[in-house]
Amino acid sequence: MESVKLMRLNKNQEAATEFENAVACLQSETTRDTKHLVHCHTRLLELAELESEEYLTHLHRGIGLYWLAQARSDVGDADGALPAEGLLCKAAGALSAARTLRPGDARACWYLHSVWRGLGQEQQAKRWLREAIEAAPFAYLSPAE
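Residues numbered from 1 in each chain as written. Predicted model: local features only at pLDDT ≥ 70, side-chain atom pairs only at ≥ 80, totals over all residues. Heavy atoms only, no water.

**What about the overall build of the protein?**
And step 1. Counting secondary structure elements, the protein contains seven helices and zero strands.
And step 2. Looking at the protein as a whole, 43% of its 145 residues are labelled buried.
And step 3. Considering only intrachain contacts with a sequence separation of at least 6, the fraction spanning at least 24 residues in the protein is 56%.
And step 4. Of the accessible surface of the protein, which amounts to about 8,000 Å², a share of 53% is contributed by carbon and sulfur atoms. (Helix = DSSP H or I, 4+ residues; strand = E, 2+ residues; numbered from the N terminus. Buried < 20%, exposed > 50% of the residue type's maximum accessible area, 1.4 Å probe, protein only. Contact = heavy atoms within 4.5 Å. Areas by Shrake-Rupley, 256 points an atom, 1.4 Å probe, with all protein chains shown as cover.)

Set out below in structure tokens:
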């Protein structure tokens with residue numbers, strides 16, 4: 001994977017761009033590959049930590065936890081060693097921290113919507129969907145988001 005090579009060469013911005021492109025491609029596929037989505041967001045989290053990007057650290061931690069919870073549900077082991085509900089709660093915390101740091105960010109709102117929907121909290125999910133829609137014209141979202 002080219003993005004991992006870029007990380008090894010300390011070309012962090014280029015690596016982050018490659019991982020974001022991979023995320024967009026993985027999300028647009030008919031069958032989502034949660035394992036690779038978790039991998040990409042883990043790497044994006046690492047890059048954000050290297051660059052001391054607090055917002056991106058919280059954002060990618062939250063998104064990665066969301067996809068990890070989805071992976072747990074996909075394999076039918078939502079209550080296993082890492083319960084999906086617990087992962088979603090941790091994702092909500094990280095995404096809320098990201099949202100606090102960048103109030104106008106649509107991406108954090110979109111994933112907060114997805115997390116609350118996954119937890120069966122429709123009122124919260126609707127709230128975050130409205131905020132994501134309002135912020136979407138002014139922020140980056142992949143086509144699947």
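There is more to say, and it comes next.
**Comments concerning the pattern of salt bridges**
And step 1. Scanning the entire structure with this criterion turns up six salt bridges.
And step 2. Ionic pairing is found between glutamate 145 and arginine 107, a salt bridge with its closest N-O pair at 3.2 Å. Residue glutamate 145 is found in the segment after α7 (122-135), and its partner arginine 107 is found in helix α6 (residues 106-118); the two are separated by 38 residues along the sequence. Comparing glutamate 145 with arginine 107, the two get one shared label, buried.
And step 3. Note that glutamate 131 is salt-bridged to arginine 127, the shortest N-O span being 3.5 Å. Of the two residues, glutamate 131 and arginine 127 both sit in helix α7, four residues apart, roughly one turn of that helix. (Salt bridge = Lys/Arg side-chain N within 4 Å of Asp/Glu carboxyl O.)

**Some words on the packing of aromatic side chains**
And step 1. Tallying each qualifying case throughout the model produces two aromatic pairs.
And step 2. Ring geometry for tyrosine 66 against tyrosine 111: centres 5.7 Å apart, planes inclined by 65°, an arrangement best described as edge-to-face. Placement of tyrosine 66 in helix α4 (residues 54-74) and of tyrosine 111 in helix α6 is noted, with a sequence separation of 45 residues between them.
And step 3. Residue tyrosine 111 is classed as buried on the basis of its relative accessible area, which comes to 2%. (Phe/Tyr/Trp six-rings, centres within 6.5 Å; stacked < 30°, edge-to-face > 60°.)

**A look at the packing of α6 against α7**
And step 1. It is at 8 Å that the axes of α6 and α7 come closest, and there the two elements cross at 160°. In terms of orientation, α6 lies roughly antiparallel with respect to α7. Here the hand of the crossing between α6 and α7 comes out left-handed. Every residue of α7 that contacts α6 at Ala106, Cys109, Trp110, Leu112, His113, Trp116 and Arg117 is listed here: Glu122, Gln124, Ala125, Trp128, Leu129, Glu131, Ala132 and Ala135.
And step 2. The residue inventory of the contact of α6 with α7, partitioned by class, reads ten nonpolar, two polar and three charged. (Axes fitted to C-alpha atoms, helices over the stretch in contact; angles between N-to-C directions. Parallel < 35°, antiparallel > 145°, perpendicular 65-115°, else oblique. Left-handed = near helix turned anticlockwise from the far one by under 90°. Nonpolar A, V, L, I, M, F, W, Y, C, P; charged D, E, K, R; others polar.)

**Concerning the nonpolar core**
And step 1. Core analysis: the largest hydrophobic core is formed by 32 residues, its most contacted members being Leu59, Tyr66, Trp67, Leu95 and Val115.
And step 2. Taken together, the elements giving at least two residues each to this core come down to α2 (12-28), α3 (34-50), α4, α5 (84-101), α6 and α7.
And step 3. Here leucine 59 is in contact with Leu95, Ala98, Asp105, Arg107 and Ala108, once residues within four sequence places are set aside. (Core = buried A, V, L, I, M, F, W, Y, C linked by side-chain atoms within 4.5 Å.)

**Some remarks on the environment of threonine 57**
And step 1. Within the fold, threonine 57 resides in helix α4.
And step 2. For threonine 57, a relative accessible area of 10% translates into the label buried.
And step 3. Distance from threonine 57 to leucine 45, taken between C-alpha atoms, is 5.1 Å for residues twelve residues apart in sequence.
And step 4. Non-local contacts of threonine 57, meaning those with residues more than four positions away in its chain, are made with Leu45, Ala48 and Glu49.
And step 5. In terms of polar contacts, threonine 57 uses its side chain to reach the backbone carbonyl oxygen of glutamate 53, at 2.8 Å. (Polar contact = N/O pair within 3.5 Å; in protein donor to acceptor, adjacent residues only side chain to side chain.)

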